[in-house]
Amino acid sequence: MTRTSDQLSLSLRLKDATHTLHEDLDKGIMAHGLFSSSEKYRNFVKLQYLFHRDVNAAYNHVQLVEIIPDLAARNRFAHVCQDMQDLGLPFPDEETTLDIPDASTAAGWLYVAEGSKLGANFLMKLVENLGFTESFGARHLAADPGGRGASWNAFKSAIDHAGFDPVLAATGARAGFLRVKNYMTAPGPLSAVSA
Ligand code: HEM
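Counting from 1, residues in each chain are numbered in the order their sequence is written. Local features in this predicted model are restricted to residues of pLDDT 70 or higher, and side-chain atom pairs are both shown and tallied only at a pLDDT of 80 or more, whereas totals for entire chains, interfaces and linings draw on every residue. Side-chain numbers here rest on the full set of heavy atoms in the structure, without hydrogens or water.

A. The pattern of salt bridges, seen in detail. Any carboxyl oxygen of Asp or Glu that lies within 4 Å of a side-chain nitrogen of Lys or Arg is treated as forming a salt bridge with it. As enumerated under the stated definition, the model contains eleven salt bridges in all. Here Asp54 makes a salt bridge to Arg179, at a shortest N to O gap of 3.3 Å. Of this pair, Asp54 sits in helix α2 (residues 38-55) while Arg179 is found in helix α8 (residues 166-185), placing the two residues 125 residues apart along the sequence. Among the residues examined, Arg179 registers a relative accessible area of 27% and is labelled partly exposed. Residues Asp83 and Arg139 are paired through a salt bridge, measuring 4.0 Å at the closest nitrogen-oxygen approach. Here the residue Asp83 occupies a position in helix α5 (residues 77-86), and Arg139 occupies one in the loop between α6 (103-128) and α7 (148-160), the gap between them amounting to 56 residues. Using a relative accessible area of 0% as the deciding quantity, one classes Asp83 as buried. Each of the salt bridges in this network shares a partner with another, and the network as a whole consists of Asp70, Arg74, Arg76, Glu114, Lys117 and Asp144. A helix here means a DSSP run of H or I that spans at least four residues, while a strand means a run of E at least two residues long, and both kinds are numbered starting from the N terminus. Relative accessibility under 20% of the residue-type maximum defines a buried residue, over 50% an exposed one, and the middle range a partly exposed one, all with a 1.4 Å probe and only protein chains included.

B. Looking closely at the side chain of Asp144. Checked against the element boundaries, Asp144 lands in the loop between α6 and α7. Within 3.5 Å is the distance limit for a polar contact, defined as a pair of N or O atoms, with the added protein rule that one can donate a hydrogen and the other accept it, and that residues adjacent in sequence qualify only through two side-chain atoms. Of note is the side chain of Asp144, whose polar atom sits 3.0 Å from the side chain of Lys117. Here Ser151 takes part through its side chain, which lies 2.6 Å from a polar atom of the side chain of Asp144. A contact between two residues is defined here by any heavy atoms of the two lying within 4.5 Å. Among all residues touching Asp144, those that are not within four sequence positions of it are Arg74, Arg76, Glu114, Lys117 and Ser151.

Everything listed here is a matter of coordinates, which is why it stays silent on function.
Structure below.
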């Protein structure tokens, strides 16, 4: 039996809506060789810093915290800041974050940040070859305390049953992926926080 998109859970709709964007991003990250040397990996950490700074406030969104009680603990911004310090990377002058008032749109952005913890399992193995670990330089790639699968399933189940607007959530998820892609490709972003 084929399911129409109306019958799909929100998390599956978001996966469908961003599948191509994710593929592009994976290819781009690998094509830039961001895991091929410590120097290149520094660019990946800068990219992650910029993205996690953007989603920082969404992890404290009042309506989202109600449905995902451990939401604030899932936030990787402090970890990526520590990775920046481990690698001796300077922080940009302005402390900005995005204000995403609509809960459905914010859930879409968080889908991108939370889902990236799955791919991080593979990325962690690559960075270990460069000498970085979950206690130095690659803290933000570590699994959540309960394990990657359990954490991801709990997040998906929460957003699947919250009654979010799927169109707005997909808009947020696409915007999240595009933001990361921009940080990777637009002239300057990776140098925006370079020494
Ligand atoms: C910052 C960059 C990245 C972001 C924002 C990101 C985002 C995501 C998201 C949202 C998912 C969940 C998809 C779903 O099941 O609904 C995911 C899964 C996954 N990602 Fe990424 N990703 C990133 C980088 C990468 C890279 C570079 C790779 C590998 C080359 C990768 C490999 C994977 C894999 C293998 C999964 C599925 C894991 C599983 O189902 O067990 N990701 N990622």
